[in-house]
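# Observations on chain architecture
These are the residues of each chain, in order.
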Amino acid sequence: HELDNIKSFAKRVAFCKMSYPQIGKGSARRVFDIGEGKVLKLAFNNKGLAQNNVEADRCLHDIYGKVLPKIYDCSFKDFYLVCDKAQNVGASVRNKLLGVDFNELHYYFGYVMGEKYHNDITPSLKARCEASSVLQDIVSMIFDFDICWQDLAHRSAWGTVNGRLVVRDYGLTRSVWNDYYSKS
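Since the structure is predicted, the reported quantities are computational estimates derived from the model, not experimental observations. (Residues numbered from 1 in each chain as written. Predicted model: local features only at pLDDT ≥ 70, side-chain atom pairs only at ≥ 80, totals over all residues. Heavy atoms only, no water.)

In this section: the packing of helix α5 (residues 105-112) against helix α7 (residues 133-145). At their nearest, the axes of α5 and α7 sit 11 Å apart, and the two run at 45° to each other. Judged by the inter-axis angle, α5 sits oblique to α7. Considering only the axes of α5 and α7, their crossing is right-handed. Only L135, Q136, I138, V139, I142 and F143 of α7 make contact with α5, whose side of the interface consists of L105, Y108, F109 and V112. Within the contact of α5 with α7, the residues separate by chemical class into nine nonpolar, one polar and no charged. (Axes fitted to C-alpha atoms, helices over the stretch in contact; angles between N-to-C directions. Helix = DSSP H or I, 4+ residues; strand = E, 2+ residues; numbered from the N terminus. Parallel < 35°, antiparallel > 145°, perpendicular 65-115°, else oblique. Left-handed = near helix turned anticlockwise from the far one by under 90°. Contact = heavy atoms within 4.5 Å. Nonpolar A, V, L, I, M, F, W, Y, C, P; charged D, E, K, R; others polar.)

A few words on the pattern of salt bridges. Applying the stated criterion across every chain, the model contains six salt bridges. Notably, a salt bridge pairs R29 with E55, separated by 2.8 Å at the nearest N-O pair. In this pair, R29 is assigned in strand β2 (residues 29-35) and E55 in helix α2 (residues 46-55), connecting sequence segments 26 residues apart. For E55, a relative accessible area of 0% puts it in the buried group. Here D137 and K66 are joined by a salt bridge, their closest N and O atoms 3.5 Å apart. Remark: K66 occurs in the loop between α3 (58-64) and β4 (71-74) and D137 occurs in helix α7; sequence separation between them is 71 residues. Judged by its relative accessible area of 19%, D137 falls in the buried class. Here K66 falls in the exposed class, since its relative accessible area comes to 53%. Through salt bridges that share partners, R29, K41, E55 and D169 make up one connected network. (Salt bridge = Lys/Arg side-chain N within 4 Å of Asp/Glu carboxyl O. Buried < 20%, exposed > 50% of the residue type's maximum accessible area, 1.4 Å probe, protein only.)

Below, the discussion takes up the sheet that holds β4. Taken together, the five strands give an open sheet; going across it, the order is β1-β2-β3-β5-β4, and neighbouring strands pair in antiparallel fashion. This sheet does not close on itself; its edge strands, each paired only once, are β1 (22-25) and β4. Strand-to-strand twist of the sheet, defined as the mean angle between neighbouring strand axes without regard to direction, takes the value 20°. Direction of pairing for β1 relative to β2: antiparallel, over a ladder of three bridges. Looking across to β2, one finds that K25 is bridged to R30. (Pairing = 2+ DSSP bridges.)

Structure, rendered in structure tokens:
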């Protein structure tokens, strides 16, 4: 990819802005629609490199690929990765695919993570969450890869690929948080 030959964050961002429509931006990465149902997640600082490194982890995709967009390409140094474009998803569709009302999700995540202020969820919520195979895969992924569950409680972290619910922003782990965000 042409980006592999561009040496600075700013020049890579400028190249992508001239080449593709930007469809998203966070504190560390920009997302560009490169066509054919794919997006390019471009790191524009070291935080973004660390998040791309997490999202490009082959082991993560081997285990949890059914709840993640497929990765097609990534740069050797994690400057960018190319993955399926996850479409925005409305509340009713997301709730149906998830098997639980999204507004209750942070209570369940907090409960399974042992957060003291979430230790009293209703038996009904617990049963519905435990019955959701998608949600159980996400919880296992959180534990196995130390993903910050708070990031997954944002609606923008979710989307659909071919009608399948996926987490499209999952690069923030505890170690990435500790290395790049907790000091800011």
